[in-house]
Amino acid sequence: MAREMLGIDIGGSGIKGAPVDLTDGSFTRERFRIDTPRPARPKPVAKVLAEVVDHFGWDGPVGVTYPGVVIDGVALSAANVSKHWLGLDAASLIADVTGREITLLNDADAAGVAEMRLGAGRDRRGTVVLLTLGTGIGSALFTDGVLVPNTEFGHIQVNGKDAELRASAKARTEEDLSWAKWAKRLSEYLAHLEALISPSLIIVGGGVSRKSEHFLPLIKGVRAEIVPARLVNNAGIAGAAMAAAAAHPVETAAPARVRAAGTAEAAR
């Protein structure tokens, strides 16, 4: 029988969640999204997370991604959210507001976990890096399938600037760059990253990976194989759910554990 867990992804523009079938990473119910509060301070974000939990009537542990460094549930960076997150025991705050046990991890790490288990990185050995191209550039590094958590390769300096300021999907749209011009910037960034970690595989994720045919063939000067993510923008939610399931194996829900919001009890 399929097993499932609720995953929620805190993004720069939206907070998205869904129960995830842990056998294949698919969503067992339609994804639910709420705009990320502005400014993205901890308490308002936690309240939105509680809305997502309540929407699904979920009564078990929850996996949540955070767009920054997370160690033992504490947020140690805040590049694209309010600085009020810095040093905060974010996992405990979210647990208090939602009333659920929370497994909190870096958003790109979550996406990487899902891609390595079920997507483009499945059964790949050696050094693999996943990059999420969105509001910024997130990164997840694996060696022989083992995650090296909390890498921040989007902040590598290229031409005197954080790479994500020049090569993120947000930079492409805000500067109205053609695919060719953006691919040139992306090539510079990937070549610089390759010189540092020598990956055998680079997985490109984020929503823009749906349009990978427009820019991946234009990447030059990179030795490593480059492929689009298979789970696309759903990888963060799936990876969060997988992390929560790993942290709470006994409490991983069977499908009947998810009840519609407002019902008196879970379906038998």
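This structure is a prediction, so every number in the text was calculated from the model and none was measured.

Peer 1: Teacher, can you tell me more about helix α2 (residues 90-98) here?
Peer 2: Residues three or four positions apart in an α-helix share a direction because the helix packs 3.6 residues into each turn. When we look at burial in α2, the residues that qualify are Ala 90, Ala 91, Leu 93, Ile 94 and Thr 98. On an axial view of α2, the arc spanned by its buried residues comes to 165°, and they lie on one face. The inward-facing, buried residues of α2 abut α1 (42-56), β4 (62-66), β6 (74-75) and β7 (102-106). In the stretch just after α2, Gly 99 is the one whose phi turns positive, near 75°.

Peer 1: I'm lost on the packing of helix α3 (residues 107-118) against helix α7 (residues 235-247) in this one. Help?
Peer 2: The description of two helices packed together rests on the angle between their axes and the distance between the axes. Contact geometry for α3 and α7: axes closest at 7 Å, N-to-C directions at 85°. Taken together, the axes of α3 and α7 are roughly perpendicular relative to one another. When α3 is examined against α7, the residues Ala 110, Ala 111, Val 113, Ala 114, Glu 115, Arg 117 and Leu 118 are found in contact with a partner set consisting of Ala 235, Gly 236, Ala 238, Gly 239, Ala 240 and Met 242. For the contact of α3 with α7, the class distribution of residues is nine nonpolar, two polar and two charged.

Peer 1: Hey, could you run me through the pairing of strand β13 (residues 201-205) in this one?
Peer 2: The side chains of a regular strand alternate between both faces of the sheet. Within β13, five of the five residues are buried, which leaves it mostly tucked inside the rest of the structure. Here β13 shows no split at all, with Leu 201, Ile 203 and Gly 205 on one side and Ile 202 and Val 204 on the other all buried. By the bridge criterion, five bridges tie strand β8 (residues 127-133) to β13 in an arrangement that is parallel. Its bridge partner lying in β13, Val 129 is registered against Ile 202. In terms of strand pairing, β13 meets strand β14 (residues 225-228) through four bridges, oriented parallel. Bridging from a neighbouring strand, Leu 201 pairs with Glu 225 of β14.

Peer 1: Whenever I open this one, the domain arrangement of the chain confuses me. Can you help?
Peer 2: Interface size is commonly expressed as the accessible area that is lost once the parts come together. Partitioning the chain into structural domains gives domain 1 (4-109 + 233-247) and domain 2 (122-228). Each of domain 1 and domain 2 has a C-alpha centre, and the two are 23 Å apart. Between domain 1 and domain 2, the residue contacts involve twelve residues of the former and 16 residues of the latter. Summed over both partners, the interface of domain 1 with domain 2 comes to about 970 Å²; 45% of that surface belongs to carbon and sulfur atoms. The three residues of domain 1 that bury the most area against domain 2 are Ala 108, Asp 109 and Asn 233, which together make up 51% of that side's buried surface. Scanning the region where domain 1 abuts domain 2 turns up zero salt bridges.

So, how was this worked out
- Residues numbered from 1 in each chain as written.
- Predicted model: local features only at pLDDT ≥ 70, side-chain atom pairs only at ≥ 80, totals over all residues.
- Heavy atoms only, no water.
- Buried < 20%, exposed > 50% of the residue type's maximum accessible area, 1.4 Å probe, protein only.
- Helix = DSSP H or I, 4+ residues; strand = E, 2+ residues; numbered from the N terminus.
- Arc of directions from axis to C-beta.
- Contact = heavy atoms within 4.5 Å.
- Axes fitted to C-alpha atoms, helices over the stretch in contact; angles between N-to-C directions.
- Parallel < 35°, antiparallel > 145°, perpendicular 65-115°, else oblique.
- Nonpolar A, V, L, I, M, F, W, Y, C, P; charged D, E, K, R; others polar.
- Pairing = 2+ DSSP bridges.
- Domains from an automatic or database assignment.
- Buried area = accessible area lost by both parts, 1.4 Å probe.
- Salt bridge = Lys/Arg side-chain N within 4 Å of Asp/Glu carboxyl O.

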